[in-house]
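An overview of the molecular structure
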Amino acid sequence: MKMARWISSCLLVAAFTLGTYADRAQKTAPIAMGGYRVLAGDFHVHSYPLSWATLGPWDTVMEAQRQGLEVIAMTGHNNVWVAKAGRWYSREVGGPTVLVGEEIVGPKYHMLALGIEHTVDWNQSAASAIAEIHRQGGVAIAAHPISKFWPAFDEEAMRGLDGAEVVHPLIYVHERAHREMAEFYARKSLIAMGDSDYHGLGAMGLCRTFVFAADQSEGAVMEALRAGHTVVYERDGRAHGDPALVRLAAENGLFDETQRPAPGAWVRISGGCGIAGLLGVFVFGLGRGEASAKGKS
Amino acid sequence: MLRPAEEYQRLVREGCGRGNWSAAQRPLFMVFLLGCLVSLLTAGSLSLRLCAAGAVNALFVPLLEIIALAGLWRSRRSTAFLRTVDLFFMGHGPWVLYLLVFCAIWTFVDPIHAYALTSRWMWFLLGVAILWSAYIDFCFLRQVMRESAVRAGAKLVALRLITWSVGLAIFGGGSLWPEMLRTFRL
C-alpha cells in the first residue's frame, strides 16, 4: 500500500514537472500579406464565473497567448464585466488584443456582441438586440446558428445581422450542424467567423478567424470586422470569407502556415502520469491512517 | 463506495477522529483534484499555473458543501462535526471517478473526437454519478447523522438544493434563467 502511494505521488510530481516545463506561449511570427496584418483570432471565448467556464479572465488571456492567438473576444453569458477584467489584465501584461463582448443567451437565440461596453439585455428580440449592439458601435454575430435558432432571425434581424459563425466545434460533431450553419451563412453576405466557443474543454482557438487588419489594435480589428475582412478554415482546408482575401490567403499559403502542431511528447507524458497519479491517490488513499478510506474505496 | 451503509456504520463505530488536519485533508484534495482537472482539460498536462488557477476557482465547492453540512448537522445526535465533514467527503468517490474518466478522455483523445464521445456518453455517466452519490449521501445521513429514512431523504434534497443552486449560479448564472425558459418552453 505504502509503495502504491509512493508511486502515485512520484507520478504526480513527474506530471507537474513536465507539464510546467511545457507550459509556454507559442511563438508565432507576425503574418503580413497584401498590406494587411493577418491576426489569428477567437471571438467566442468564455471565462469563469457565470459562463460555464473553468478559467478566470486573467488565465483566459494567458491561455490565448499560449495558443498563439493575437486577438480574442471574451464573451460572457449576458454580462461584460468579466471581459472588461480580461481586457484590463491583457493591457497590463502586454497580452493579446482583447475585445469586450457578450454572448447574448436568450431562450430563442444566441448572439455574439463584439466591441461593446455595456451589457445587452437578453430579454428582447434578436432584431432589437442587434440594434442595441450597433448603437454601442459593436458587431452582431449569430452564434452557432443551427436550425433551432433560425425562427428568431426574422427578416428584420437578418437585415441588421453582421456575421455568423460558420466554423465551430459543433460542425465536426454533428454533420447536421455543419449543413445548417453553412446554410445560415449563405443566406446573405455575412462576416465569416470561426470560433471555438471556448468553455475550458479542448483548445482555445481550435476554430479560428483570421482577421485582415491594418494593425493589432482594438480599433483596427473592429474596423476589419465591420468591413468583413476575415477568412476562416474548416479542418480540411475549405475556406469561407471575403472571396478576394480567400484568394490572397491561398496564394500565400495561409492555411498551411497556420496549422498548429500536435501536443509535444512532454505534454502527453505529463497528461498520462497525471491521470495515473490521480487514479492512484483515489484508489490507495491520501496518506497515513487511510485504512478506513481504503475499505470504502 | 459499493456498500456505503455498512462502511459508514463501521467507520462511526471505529471513531478514530484524527484532528483538524484530517477533516481538511479530503476537502483540500477535492480542490486539488478540480485544479488538476482544469489543467488537464485545458492543456492535456498538469501545469502548476493552470492547476493553481483551477483550484482557486473551485475553492467555493467544498466550502459550500461544508456550510450546507453545518446547517444540517445536529450536535446532540451525531458524531463530532470535523469527523462528520471527513466522512461526508469520503462519499465523493463517484464524482472523483466520473471526473477522472472525463479528464482521461480529454487528455488522450483529440478534441474533436472528445467532443463527440463526451456528448454521447458523459450525460449517461453523469446520471449514474448523480444517483450513486445520492445513495452514498443518503447512507451517510442515515448512519453518521443518525436520521430516520424520511428525514435523511429530506436532508439529502436540502443539501442538493443548497449546494447545486448556489454552485450553478456561480458557475453558469449568466445564462441559467434564459436556458431554463428555453428548456421548459416557458
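A quick note: this is a predicted structure, and the numbers were derived from the prediction, not measured. (Residues numbered from 1 in each chain as written. Chains lettered and ligands numbered in written order. Predicted model: local features only at pLDDT ≥ 70, side-chain atom pairs only at ≥ 80, totals over all residues.)

**What to know about the overall build of chain B**
Note the cut-off: Numbering of helices and strands runs from the N terminus, with a helix taken as a DSSP run of H or I at least four residues long and a strand as a DSSP run of E at least two residues long. Radius of gyration means the value over C-alpha atoms here, while the globule rule gives 2.2 Å times the residue count to the 0.38 power.
In terms of regular secondary structure, chain B is built from nine helices and zero strands. In chain B, the succession of helices and strands from N to C terminus is α-α-α-α-α-α-α-α-α. Its C-alpha atoms give chain B a radius of gyration of 18 Å, near enough to 16 Å, the size a compact globule of 186 residues would have. With the principal axes as the frame, chain B shows a C-alpha extent of 50 × 45 × 30 Å.

**Let's talk about the confidence of the model for chain A**
Just so we agree on the cut-off: Confidence per residue, as judged by the predictor, is encoded in pLDDT with a range of 0 to 100. Contact definition: two residues whose C-beta atoms, as placed from backbone geometry, lie within 7 Å.
Chain-level statistics for chain A give a pLDDT mean of 93 and a share of 96% at 70 or above. Note that residues 288-297 of chain A has pLDDT below 50 and, in this model, 16 contacts with residues that lie over four places away or in other chains.

**What about the interface of chain B and chain A?**
Which entries qualify depends on this criterion: Nonpolar residues are Ala, Val, Leu, Ile, Met, Phe, Trp, Tyr, Cys and Pro. Charged residues are Asp, Glu, Lys and Arg, and all others, Gly as well, are polar.
At the junction of the two partners, chain B supplies 48 residues and chain A supplies 49 residues. Those elements giving two or more residues to the side of chain B that touches chain A turn out to be helix 1 (4-14), helix 2 (19-43), helix 3 (48-58), helix 6 (93-108), helix 7 (111-143), helix 8 (149-172) and helix 9 (176-183) of chain B. Looking at the side of chain B that touches chain A element by element, the count peaks at ten residues for helix 2 of chain B. In the side of chain B that touches chain A, the residues fall into 27 nonpolar, 15 polar and six charged.

**Examining unusual backbone geometry**
Condition: For the exposure call, what matters is how many other C-beta atoms sit within 10 Å of a residue's own: 20 or more marks it buried, 12 or fewer exposed, and in between partly exposed, using C-beta atoms placed from the backbone.
Looking along the chain, the bond that leaves Y48 of chain A and enters P49 of chain A is cis, with omega of 0°. Mapped onto the elements of the fold, P49 of chain A is located in the loop between strand 2 (36-45) and helix 2 (57-66). Here the phi dihedral of H144 of chain A falls at roughly 30°; this positive angle occurs in a residue that is not glycine. What makes H144 of chain A buried here is the crowd of 22 C-beta atoms within 10 Å. One non-glycine residue, R146 of chain B, adopts positive backbone phi at about 55°. Residue position: R146 of chain B is located in the loop between helix 7 and helix 8. Overall, R146 of chain B belongs to the partly exposed group, with 15 C-beta atoms counted inside 10 Å.

**Some points on the nonpolar core**
For clarity, the cut-off: To form a nonpolar core, buried Ala, Val, Leu, Ile, Met, Phe, Trp, Tyr and Cys residues must be joined through C-beta atoms within 7 Å.
Membership of the largest hydrophobic core comes to 75 residues, with the highest contact counts inside it found for M111, A113, L114, I141 and V211 of chain A. Take this core: its biggest share by element is six residues, from strand 2 of chain A. Among the nonpolar cores identified, the runner-up in size contains 56 residues, and L11 and V281 of chain A together with L33 and M90 of chain B belong to it.

**Points about the pairing of strand 8 (residues 191-194) of chain A**
All names here are of chain A. Put simply, the rule reads: For two strands to be treated as a pair, DSSP must find at least two bridges joining them.
Residues I191 and M193 line one face of strand 8 and the alternating positions A192 and G194 line the opposite face, and both faces are buried. Of the pairings in the sheet, the one linking strand 7 (residues 163-167) to strand 8 comprises four bridges and is parallel in character. Among the inter-strand pairings, G163 is bridged to a residue of strand 8, identified as I191.

**Concerning the confidence of the model for chain B**
Here chain B averages 90 in pLDDT, and 95% of its residues register 70 or above. Among the prediction metrics, the complex's ipTM stands at 0.91, with pTM recorded as 0.93.

**Quick notes on helix 2 of chain A**
Each full turn of the α-helix corresponds to 3.6 residues, which orients residues three or four apart in the same direction. Residues and elements named next belong to chain A. With nine of ten residues buried, helix 2 is to be regarded as a mostly interior element. Three or more residues of helix 2 are buried, namely P57, D59, T60, V61, M62, E63, A64, Q65 and R66. One or two positions beyond helix 2, positive phi appears at G68, with a value near 75°.

**Some words on the environment of Y8 of chain B**
Residues and elements named next belong to chain B. Along the chain, Y8 turns up in helix 1. Using a count of 22 C-beta atoms within 10 Å as the deciding quantity, one classes Y8 as buried. Those residues in contact with Y8 that lie beyond four places of it in its chain are L87, C139, F140, Q143 and V144.

**Points about the packing of helix 1 (residues 2-22) of chain A against helix 11 (residues 265-284) of chain A**
Residues and elements named next belong to chain A. For the record, the criterion: Where helices are involved, their axes are fitted lines through C-alpha atoms of the stretch in contact, as for all axes, and angles between N-to-C directions lie from 0 to 180°. Oblique is the label for any angle not covered by the other classes, which are roughly parallel (under 35 degrees), roughly antiparallel (over 145) and roughly perpendicular (65 to 115). The sense of a crossing depends on the near helix, which, turned anticlockwise from the far helix by less than a right angle, makes the crossing left-handed and, turned clockwise, makes it right-handed.
Relative to each other, helix 1 and helix 11 sit at 150°, their axes nearing to 7 Å. By the angle between their axes, helix 1 is roughly antiparallel relative to helix 11. Where helix 1 crosses over helix 11, the two elements pack in a sense that is left-handed. On helix 11, the residues that touch A4, R5, I7, S8, L11, L12, A14, A15, L18, G19, Y21 and A22 of helix 1 are W266, V267, I269, S270, C273, G274, A276, G277, G280, V281 and F284.

**A look at the packing of helix 6 of chain B against helix 7 of chain B**
All names here are of chain B. Here helix 6 crosses helix 7 at 170°, and the two axes come no closer than 9 Å. Accordingly, the angle class assigned to the pair helix 6 and helix 7 is roughly antiparallel. Contacts from P94, W95, Y98, V101, F102, I105 and W106 in helix 6 reach A114, L117, T118, M122, L125, L126, A129, W132, S133 and I136 in helix 7. For the contact of helix 6 with helix 7, the per-class residue count stands at 15 nonpolar, two polar and no charged.

**Points about helix 5 (residues 81-90) of chain B**
Along helix 5 of chain B, eight of the ten residues are buried, which leaves the element largely enclosed by surrounding structure. Residues of helix 5 of chain B that are buried include every one of R83, T84, V85, D86, L87, F88, F89 and M90 of chain B, and no others.

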